[in-house]
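Each chain, written out:
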Amino acid sequence: IIVDRVISGEYKFSDSEIQIADNKIFLLLTTRFPKTKLGLDYDKIAATNLGMNCPIFLTTNTGEAMAIGSKEEFWQVRTQLQARYKRLQEALANARGGHGRTRKLKALEHLRDVERNFAKTYNHKLSKQLVMFCVNNGIGTIRTENLLGSAKTMNQPVILRNWSYYELQSQIEYKAKMYNIVVEKVNPENITQKCNCCGKISRAAVNFKDRTYVCDNRECAKFERPVNIDENASLNLLNTELKKD
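Being a predicted model, the structure only gives us computed values, none of them experimental.

A. Inspection of helix 6 (residues 229–239) at higher detail. With respect to burial, helix 6 is a largely interior element, 9 of its 11 residues being buried. Those residues of helix 6 that fall on the buried side of the exposure criterion are Ile229, Asp230, Asn232, Ala233, Ser234, Leu235, Asn236, Leu237 and Leu238. Capping of helix 6 at its N-terminal end is provided by Asn228; its side-chain oxygen lies 2.8 Å from the backbone amide nitrogen of Asp230.

Dropping the structure here:
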């Protein structure tokens, strides 16, 4: 359908290329097409907290709250693939020779590609669910953390290896742009330690084991009322005036 519309002139070419690989010719087709007007309300905001336990937790200023994805869906599959990769590395130490390094490493490279493709595909799935939720509910603004240099990802190689925060955020931005949804990046400082009701910052109120935040401010309306830690962070992104970078 896209090619037909390019031929008819409805869509336009945009820096397309011809690629030749393994005796095959590929057309890398890039097109420009008019954006669909969706009647989005840019005063409606979906605040998204990206986390290890819950890939995306969103809250909106119209009262919705929901989790997208789960730790088990991503973490278990990817760590299993990494374990297989390690076992294969050990087994290759005893593999027979005869065809050099390329033959021995072919299986390793394939498994590494499988792991990379799984992570990328899963992030595509999550970002699409988020953007389509916004489209279906007329939400014109997505507010998310500015992950560059944040405490969430700095000096945490295990997290960076297993949870592709930057890739997920980039895909959210790319898909949002297709539907004219605005993406706001805000400074995520203290969003986990801050109460979404009174604004008090307390590290002692955070229970990472139970994944809860319990405000210890007696004057707060939510005093000693447990709230999911990801929901609390998302509400802080939504409701608190954070400094934009």
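B. A look at the nonpolar core. Counting residues in hydrophobic clusters, the biggest one holds 21 residues, and the most contacted among them are Ile56, Leu130, Cys134, Ile142 and Ile181. Elements with a contribution of two residues or more to this core: strand 5 (41–50), strand 6 (56–60), helix 3 (100–136), strand 8 (139–145) and helix 5 (165–178). Broken down by element, the residue count for this core peaks at 7 residues, all from helix 3. Contact partners of Cys134, with chain neighbours within four places excluded, come to Leu40, Ala46, Ile139, Ile142 and Ile181.

C. Region of the structure containing the sheet that holds strand 12 (residues 227–228). Read across the open sheet, the 3 strands follow the order 10-11-12; overall the sheet is antiparallel. At either end of the open sheet lies a strand with only one pairing partner, and these are strand 10 (206–207) and strand 12. Bridge analysis of strand 10 against strand 11 (residues 212–213) gives 2 bridges, and the strand direction is antiparallel. Paired with Val206 across the two strands is Tyr213, which belongs to strand 11.

D. Representation of the pairing of strand 3 (residues 24–28) within the structure. The buried fraction of strand 3 amounts to 0 of the 5 residues, a small share that puts the element mostly on the outside. Pairing of strand 2 (residues 17–21) with strand 3, which is carried by 5 bridges, proceeds in the antiparallel orientation. Among the inter-strand pairings, Gln19 is bridged to a residue of strand 3, identified as Phe26. The loop that links strand 2 with its antiparallel partner strand 3 comprises 2 residues; one of these, Asp22, has a positive phi angle of about 55°.

Rules used throughout
Residues numbered from 1 in each chain as written. Predicted model: local features only at pLDDT ≥ 70, side-chain atom pairs only at ≥ 80, totals over all residues. Heavy atoms only, no water. Buried < 20%, exposed > 50% of the residue type's maximum accessible area, 1.4 Å probe, protein only. Helix = DSSP H or I, 4+ residues; strand = E, 2+ residues; numbered from the N terminus. Polar contact = N/O pair within 3.5 Å; in protein donor to acceptor, adjacent residues only side chain to side chain. Core = buried A, V, L, I, M, F, W, Y, C linked by side-chain atoms within 4.5 Å. Contact = heavy atoms within 4.5 Å. Pairing = 2+ DSSP bridges.

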